[in-house]
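Breakdown of the fold
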Amino acid sequence: MSDAILTLNAGSSSLKFSLFEASGGALTRLADGDVTGIGDAPRFEARVGGEVVAARRWAEGGGLAHEAFLDEILNWAEAHLGGDRLAAVGHRIVHGGAEFIAPARLDAAVMAKLEALSPLAPLHQPHNLAAVRAVAKARPDVAQVGCFDTAFHHGHAPEVDRFGLPREWEAKGVRRYGFHGLSYEFIAGRMRELDPALAAGRMIVAHLGAGASLCAIRGGRSVDSTMGFSALDGLVMATRCGALDPGVILYLEASHGLTASAIEDMLYRRSGLLGVSGITDEMQVLLASDDPAAREAVDLYVFRIVREIGALAASMGGLDGVVFTAGVGEHAPAIRQRVCARLDWLGASLDAAANERGGRISDAASRLALWAAPTDEEQVIARQTRDLVLAA
């Protein structure tokens, strides 16, 4: 009988999972799946080798929360395992604060500390923790591990994470943390296989999904990132604004009477590509649109990426390459082309045909190594969970 690990990534309207066999120190992916459309028209799918092997829809599921679907995932996973044992569940936890800089077993004391961080990641943290509680209720004997998106950024120089605020606020945790760390950890390891010279040097990884950020990685370690105190900071995203002058928030409150909850809703859910275009938050739709507002949203998105690449290159004292990953980063060659065209001053030169395929996308004349590579946060979660639970 082998041990198995289930990974869970609970988002605002989805639950993604992967199932791994842990045997002899190796991890073998057995299945992936998700529940999408939570809050609207939920649908469960399980896939083996990319082929759908189980599916279910809930016709009256609009009012069901994430917890309602955990039994479906757990029951399917255990049935798929047959005689193997579900040894642990590993969770993506977006915010670990200053304390959780490595994977941790999720007991009551840890959960209480993570609950206190929910205001810093309101789109993610409550759902991440709801999944932990649901698993604990359904399978109380199964070990659970939290794997933190902030942990990869631990160890920055103090000036990188410090705000220019009175010092007592830093003592209360008001500082920059950085996010998407599980993705960055995977890409740092993957580049050691694909391009060891770049992995040992100075690279910027562009995690461009619904949430988007850049990370400056030198010698495999994070030295700076565009996200800070919350997952709002930095780049323009699908529905999030990115970096914003704090005076705007003061103005909205003082002159227009917006409440804190109304401002939060606008900044997290009604801004970014959706807010600027007034059309959609879907990049492929915006790229295909003739609407001037769609073009302006994409132009802003690209401009902010290029500007922040320049800033992160300065943080590292130079740049050896850029890696694009996540939904837009991996699947939107038009965005990669526009970004790289504006990095010619750094020596970026794109191979147009390679850019359509992915992989190494720089041409022979490029001074920068340019890559488009898939990320795999689930692999990192499974490995961290295995090392904490099964190696004990």
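So, here's what we can say about the structure. (Residues numbered from 1 in each chain as written. Predicted model: local features only at pLDDT ≥ 70, side-chain atom pairs only at ≥ 80, totals over all residues. Heavy atoms only, no water.)

Overview of the overall build of the protein
Check the secondary structure of the protein and you find 16 helices and 14 strands. Rg of the C-alpha trace for the protein: 21 Å, near the compact-globule value of 21 Å for 392 residues, within the 12% margin. Based on the C-alpha atoms only, the size of the protein along its principal axes is roughly 60 × 55 × 45 Å. In the protein, once contacts between residues fewer than 6 apart in sequence are set aside, the share between residues at least 24 apart is 62%. Here the protein displays about 16900 Å² of accessible surface, and carbon together with sulfur accounts for 52% of that area. Considering the protein, the positive charge centre built from 37 side chains and the negative charge centre built from 48 side chains are found 3 Å apart. (Helix = DSSP H or I, 4+ residues; strand = E, 2+ residues; numbered from the N terminus. Rg over C-alpha atoms; globule rule 2.2 N^0.38 Å. Contact = heavy atoms within 4.5 Å. Areas by Shrake-Rupley, 256 points an atom, 1.4 Å probe, with all protein chains shown as cover. Lys, Arg positive; Asp, Glu negative; His and termini not counted. Charge placed at Lys NZ, Arg CZ, Asp CG, Glu CD.)

Comments concerning helix α3 (residues 125–138)
With 14 residues, α3 extends 20 Å from end C-alpha to end C-alpha; this agrees with the ideal 20 Å at 1.5 Å per step. Packed against the buried residues of α3 are β1 (3–10), α1 (67–81), β6 (85–93), α2 (108–115) and β8 (143–148). (Expected span 1.5 Å × (residues − 1).)

Observations concerning a negative patch on the surface
On the surface, Asp290, Asp291, Glu296 and Asp299 cluster together into a negatively charged patch. Relative to the assigned elements, aspartate 291 resides in the loop between α11 (283–288) and α12 (292–316). Since its relative accessible area comes to 34%, aspartate 291 is described here as partly exposed. (Patch = residues over 30% accessible without salt bridge, like charges linked within 9 Å, V, L, I, M, F, W, Y side chains within 5 Å. Salt bridge = Lys/Arg side-chain N within 4 Å of Asp/Glu carboxyl O. Buried < 20%, exposed > 50% of the residue type's maximum accessible area, 1.4 Å probe, protein only.)

Some words on the side chain of histidine 153
Tracing the sequence through the fold places histidine 153 in the loop between β8 and α4 (158–161). Given a relative accessible area of 1%, histidine 153 falls into the buried group. In this structure histidine 153 touches Tyr177, Gly178, Phe179, Gly181, Tyr184, Cys215, Ser222 and Ser225, once residues within four positions along its chain are discounted.

Describing the pattern of salt bridges
Pairing between side chains of opposite charge can happen when their charged atoms approach one another. According to the stated counting rule, one finds 22 salt bridges in the structure shown. Its salt-bridge partner being glutamate 45, residue arginine 43 comes within 2.7 Å of it at the nearest N-O pair. A salt bridge links glutamate 78 to arginine 139; the nearest nitrogen and oxygen atoms lie 2.8 Å apart. Of this pair, glutamate 78 sits in helix α1 while arginine 139 sits in the loop between α3 and β8, placing them 61 residues apart in sequence. For arginine 139, a relative accessible area of 17% corresponds to the buried category. Here the salt bridges do not stand alone but share partners, grouping Asp34, Arg43, Glu45 and Arg47 into one network.

Observations regarding the nonpolar core
Counting 43 residues, the largest nonpolar core has Leu208, Ile309, Leu319, Ile335 and Val339 as its most contacted members. The element contributing the most residues to this core is α12, with 11 residues. Ignoring sequence-local partners within four residues, the contact set of isoleucine 335 consists of Met283, Leu287, Val298, Tyr301, Val302 and Val328. Listed in part, the 27 residues of the second largest apolar core include Ala4, Phe17, Ala46 and Ala54. (Core = buried A, V, L, I, M, F, W, Y, C linked by side-chain atoms within 4.5 Å.)

Quick notes on the sheet that holds β8
The mixed open sheet is built from 8 strands, whose spatial order is β5-β4-β3-β2-β1-β6-β8-β7. Edge positions in the sheet fall to β5 (51–57) and β7 (104–105), since each of these pairs with one other strand and no more. Note that β1 and strand β2 (residues 15–23) share 8 bridges and pair antiparallel. Its bridge partner being in β2, asparagine 9 is matched across the sheet by lysine 16. In the packing of helix α16 (residues 377–389) onto the sheet, contacts are made with β1, β2, β3 (26–36), β6, β7 and β8, and the angle to β6 comes to roughly 125°. (Pairing = 2+ DSSP bridges. Axes fitted to C-alpha atoms, helices over the stretch in contact; angles between N-to-C directions.)

Overview of the sheet that holds strand β12 (residues 321–325)
Read from one edge to the other, the open sheet built from 6 strands follows the order β11-β10-β9-β12-β14-β13, with strand pairing classed as mixed. With partners counted over all chains shown, the strands left at the sheet margins are β11 (221–225) and β13 (359–360), one partner each. In terms of strand pairing, strand β9 (residues 202–208) meets β12 through 5 bridges, oriented parallel. By the bridge assignment, valine 205 is partnered in β12 with valine 323.

Some points on a nonpolar patch on the surface
Taken together, the side chains of Phe163, Leu165 and Trp169 define a hydrophobic patch exposed on the protein surface, amounting to about 280 Å² of accessible area. The exposure class assigned to leucine 165 is partly exposed, which follows from its relative accessible area of 47%.

Quick word on the packing of aromatic side chains
In this structure the tally under the stated criterion is 5 aromatic pairs. Seen from their ring centres, phenylalanine 17 and phenylalanine 44 are 6.1 Å apart, and the 5° between their planes marks the pair as stacked. Placement of the pair is phenylalanine 17 in strand β2 and phenylalanine 44 in strand β4 (residues 43–48), with a sequence separation of 27 residues. By relative accessible area, which is 2% here, phenylalanine 17 ends up buried. Phenylalanine 44 gets classed as buried once you look at its relative accessible area, which sits at 1%. In textbook terms, an aromatic cluster arises when at least three aromatic residues are bridged by ring pairs, as seen for Phe17, Phe44 and Trp76. Between lysine 172 and the ring centre of tryptophan 169, over which it is positioned, the NZ or CZ distance is 4.6 Å. (Phe/Tyr/Trp six-rings, centres within 6.5 Å; stacked < 30°, edge-to-face > 60°. Lys NZ or Arg CZ within 6 Å of the ring centre and 35° of its normal.)

Here's the deal with unusual backbone geometry
For residues besides glycine, phi is generally negative; the peptide bonds are generally trans as well. Phi angles above zero are rare outside glycine, and histidine 180 is one such case at about 60°. Among the structural elements, histidine 180 can be located in the loop between α5 (167–171) and α6 (181–194). Look at alanine 326: it is not a glycine, yet its phi comes out positive at around 75°. Along the polypeptide, alanine 326 turns up in helix α13 (residues 326–331).

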